[in-house]
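Tertiary structure, described
As a plain string of letters, each chain reads:
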Amino acid sequence: MSATTSTAPGESAPSAAVPAAGKAGWGPVPEAGPPWWARLARGLASATTAAVTGCRAAVERPVTLAEGIELARRGDWTVSEHPMVRQVAVAHFWLVQAPALIVAGVLGWASRTPGRLWTLGPLLVTVASVLNEIPLVGVLVPEFVTWSYWMPTSWTAGLAGPSEGSTS
């Protein structure tokens, strides 16, 4: 006994050579392209590359800390005929730009390895604690950056000396 399939009148027998999507007027099977997320990622990558190509910081070597400080100190913005404007520019450099450039340079250096970051944390807290003791500078140091904020009070109780009610 052989296994045969019956077909209705007007239908042809199914063939293994014809794919299912190509049967009965569906047309040829389209070529499978990349999925939607791959096309989206490719489009975003090309748009990002086009945007970054014109960015000076993306194609040039970053300036060193010394070069940044020298540029801030001797840049065209500090050159002025009026002596008062020049004095304000120099004060701005020493009070705002130089500290910001130094902090940014140290953070950039420290962020290159985890060991440097772990070292920078206690160093930052120590420097902030020392600066907090200077009367006028202490106003600028946030309290949460100092050792007194992070150490429990039981650790510092012995440092203050004997209390008034003790017999020692």
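All figures in this text were calculated on a predicted structure; none of them were measured in a lab.

Rules of the game
Residues numbered from 1 in each chain as written. Predicted model: local features only at pLDDT ≥ 70, side-chain atom pairs only at ≥ 80, totals over all residues. Heavy atoms only, no water. Axes fitted to C-alpha atoms, helices over the stretch in contact; angles between N-to-C directions. Helix = DSSP H or I, 4+ residues; strand = E, 2+ residues; numbered from the N terminus. Parallel < 35°, antiparallel > 145°, perpendicular 65-115°, else oblique. Contact = heavy atoms within 4.5 Å. Nonpolar A, V, L, I, M, F, W, Y, C, P; charged D, E, K, R; others polar. Phe/Tyr/Trp six-rings, centres within 6.5 Å; stacked < 30°, edge-to-face > 60°. pLDDT = per-residue confidence, 0-100. Left-handed = near helix turned anticlockwise from the far one by under 90°. Patch = residues over 30% accessible without salt bridge, like charges linked within 9 Å, V, L, I, M, F, W, Y side chains within 5 Å. Areas by Shrake-Rupley, 256 points an atom, 1.4 Å probe, with all protein chains shown as cover. Salt bridge = Lys/Arg side-chain N within 4 Å of Asp/Glu carboxyl O. Buried < 20%, exposed > 50% of the residue type's maximum accessible area, 1.4 Å probe, protein only. Polar contact = N/O pair within 3.5 Å; in protein donor to acceptor, adjacent residues only side chain to side chain.

All right, on to the packing of helix 4 (residues 83-110) against helix 5 (residues 114-132) then. Where helix 4 meets helix 5, the closest approach of the two axes is 8 Å, and the angle between their N-to-C directions is 135 degrees. Viewed along their axes, helix 4 and helix 5 adopt a mutual orientation that is oblique. Residue-level inspection shows V106, L107, W109 and A110 of helix 4 in contact with helix 5, the latter providing R116, L117 and L120. Considering only residue class, the contact of helix 4 with helix 5 consists of 6 nonpolar, no polar and 1 charged.

Turning our attention to the packing of aromatic side chains. Within a pair of aromatic rings, the relevant descriptors are the distance that separates the centres and the angle that separates the planes. Summed over the entire model, instances satisfying the criterion amount to 1 aromatic pair. Ring geometry for F93 versus W94: centroids 4.7 Å apart, planes at 70 degrees, classification edge-to-face.

Attention now goes to the confidence of the model for the protein chain. Mean pLDDT over the protein chain stands at 75; residues scoring 70 or higher make up 68%. Mean pLDDT across the elements of the protein chain bottoms out in helix 2 (residues 56-59) (65) and peaks in helix 5 (87).

The next thing to look at is the packing of helix 3 (residues 65-74) against helix 4. Axis angle and axis distance: for two packed helices, these are the angle between their axes and the distance between the axes, and together they describe the pair. Running from N to C, helix 3 and helix 4 point in directions that differ by 165 degrees, and their axes come no closer than 9 Å. Judged on the interaxial angle alone, helix 4 and helix 3 are roughly antiparallel. By crossing handedness, the relation of helix 3 to helix 4 is classed as right-handed. Where helix 3 abuts helix 4, its residues L65, G68, I69, A72 and R73 lie against R86, F93, W94, Q97, L101, I102 and G105. Taken together, the residues that form the contact of helix 3 with helix 4 break down as 7 nonpolar, 3 polar and 2 charged.

Summarising the element assignment, L120 is placed in helix 5. Each C-alpha atom of the pair L120 and L107 lies 8.3 Å from the other, and the pair is 13 residues apart in sequence. When residues no more than four places from it in sequence are discounted, the contact partners of L120 are V106, L107 and A110.

Our focus in this paragraph is a nonpolar patch on the surface. There is a patch of nonpolar side chains on the surface, built from L123, V127, L131, I134 and V137 and spanning about 370 Å² of accessible area. Looking at where I134 falls in the secondary structure, it is placed in the loop between helix 5 and helix 6 (147-150).

Attention shifts here to the side chain of S129. One can find S129 in helix 5. A relative accessible area of 15% places S129 in the buried class. Within the structure, S129 has its side chain in polar contact with the backbone oxygen of V125 (distance 2.8 Å). When sequence neighbours within four positions are dropped, the list of residues in contact with S129 reads T146 and W147.

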